[in-house]
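# Architecture at a glance
Spelled out from the first residue to the last, the chains are:
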Amino acid sequence: NKLNIALANAGSFSQKASQDFQNFASTIQATTKLTDEQALSLASLARNFAPTNEATLKLTQAAIDLSAATGKGLEESVESLGKTFSGTAGRLTASLPQLKEFTAEQLKAGAAIDLVAQRFGGTAQSEAKTFGGALIALKNSFGEVSQSIGRFFTQSPTLIQIFKDHGSIFAT
């Protein structure tokens, strides 16, 4: 999958690392309005910026909270925060003027992500506790059930064989 490719490209793929990201995505889905697929996609993008898998998880969580707090897009939040690992804060200083006080070395060490986590941490979880957030989470849960049912039909060797054996019945 996309995440495993990003991990491999960064030289940090392992089954444990992949499972850690899957667990993270499940937690995001359980506590926010995002699906696990969205969380994994964001983590894949974040891995291109962050120096380690641990920093990738922190970056992804901070970007999710930043997006919830500011209304900016999720990918935009990942990219803006991710670029701070290069030592510059860029456009983030418009919404977080405190970043102007950080040195390039502090930014490279993850200070921007820590600031966002401190200032906006938990925003995405709080957003999910609203009525609108609960409705979106419910919709996501139905989507998960639909995916599970779909996997049953598309990955069941028995059903696949039945369709192969009796496919001509449906063709007439």
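Now for a quick tour of the structure. In this text the structure is predicted, and so the values were computed from the model without any measurement.

Glancing now at the overall build of the protein. Of the regular secondary structure elements, the protein holds eleven helices and zero strands. Along the protein, helices and strands appear, N-terminal first, in the series α-α-α-α-α-α-α-α-α-α-α. Taking all 172 residues of the protein together, 37% fall into the buried category. Here the protein has roughly 9,800 Å² of accessible surface; of this, 58% comes from carbon and sulfur atoms.

Counting residues in each nonpolar core, the largest one holds 36 residues, and the members touching the most others are Leu59, Ile64, Leu81, Leu99 and Val116. If one sorts the elements of this core by residue count, helix 4 (residues 53-70) sits on top with seven residues.

In contact at an axis separation of 8 Å, helix 2 (residues 15-31) and helix 3 (residues 36-47) are set at 130° when each is read in the N-to-C sense. In terms of axis orientation, helix 2 runs oblique to helix 3. Considering the relative orientation of helix 2 and helix 3, their crossing is right-handed. Along the contact surface, helix 2 presents Phe21, Gln22, Ala25, Ser26, Ile28 and Gln29, while helix 3 presents Asp36, Ala39, Leu40 and Ala43. By residue class, the composition of the contact of helix 2 with helix 3 is six nonpolar, three polar and one charged.

This part is about helix 1 (residues 2-9). Within the sequence span of helix 1, burial applies to Leu3, Ala6 and Leu7. Taken end-on, helix 1 shows its buried residues confined to a sector of 100°, consistent with a single buried face. In helix 1, the exposed positions angled more than 90 degrees off the buried face are occupied by Lys2, Ile5 and Asn9. If you follow the buried residues of helix 1, they end up packed against helix 2, helix 3 and helix 4. Backbone nitrogen of leucine 3 and a side-chain oxygen of the N-cap are separated by 3.0 Å at the start of helix 1; the cap is asparagine 1.

Glancing now at the environment of arginine 119. Looking at the element boundaries, arginine 119 is found in helix 8 (residues 111-120). The exposure class assigned to arginine 119 is partly exposed, which follows from its relative accessible area of 43%. A sequence separation of 57 residues divides arginine 119 from alanine 62, and the C-alpha atoms of the two residues are 9.6 Å apart. Setting aside anything within four residues of it in sequence, one finds arginine 119 in contact with Ser95, Leu96 and Gln98.

Each value, and the rule that gives it
Here the residue numbers are simple positions, counted from 1 along each chain's written sequence. Residues qualify for local features only when their pLDDT is at least 70, as the model is predicted, and side-chain atom pairs are given and counted only at 80 or more; totals for whole chains, interfaces and linings, by contrast, use all residues. Each side-chain value is worked out from all heavy atoms of the structure, with water and hydrogens disregarded. Only runs of H or I of at least four residues qualify as helices and only runs of E of at least two qualify as strands under DSSP, and these elements are numbered from the N terminus. Relative accessible area decides the class of each residue, using a 1.4 Å probe on protein chains only: under 20% of the type maximum gives buried, over 50% gives exposed, and in between gives partly exposed. Calculation of accessible area relied on Shrake-Rupley with a 1.4 Å probe; when residues are assessed, cover is drawn exclusively from the protein chains displayed. Nonpolar core, defined: a set of buried Ala, Val, Leu, Ile, Met, Phe, Trp, Tyr and Cys residues in which side-chain atoms within 4.5 Å join the residues together. Between N-to-C directions, angles cover 0 to 180 degrees, with each direction set by a line fitted to C-alpha atoms, over the stretch in contact for helices. Should an angle fall under 35 degrees it is called roughly parallel, over 145 degrees roughly antiparallel, and 65 to 115 degrees roughly perpendicular, with every other angle called oblique. For a crossing to be left-handed, the near helix must be turned anticlockwise from the far one by less than a right angle; the clockwise case is right-handed. Throughout, a contact is declared for two residues whenever any of their heavy atoms are within 4.5 Å. Classes in brief: Ala, Val, Leu, Ile, Met, Phe, Trp, Tyr, Cys and Pro nonpolar; Asp, Glu, Lys and Arg charged; the others, Gly included, polar. Directions drawn from the helix axis to the C-beta atoms are what define this arc. In protein, a polar contact requires one atom able to donate a hydrogen and another able to accept it; more generally it is a pair of N or O atoms within 3.5 Å, and residues adjacent in sequence count only if both atoms are side-chain atoms.

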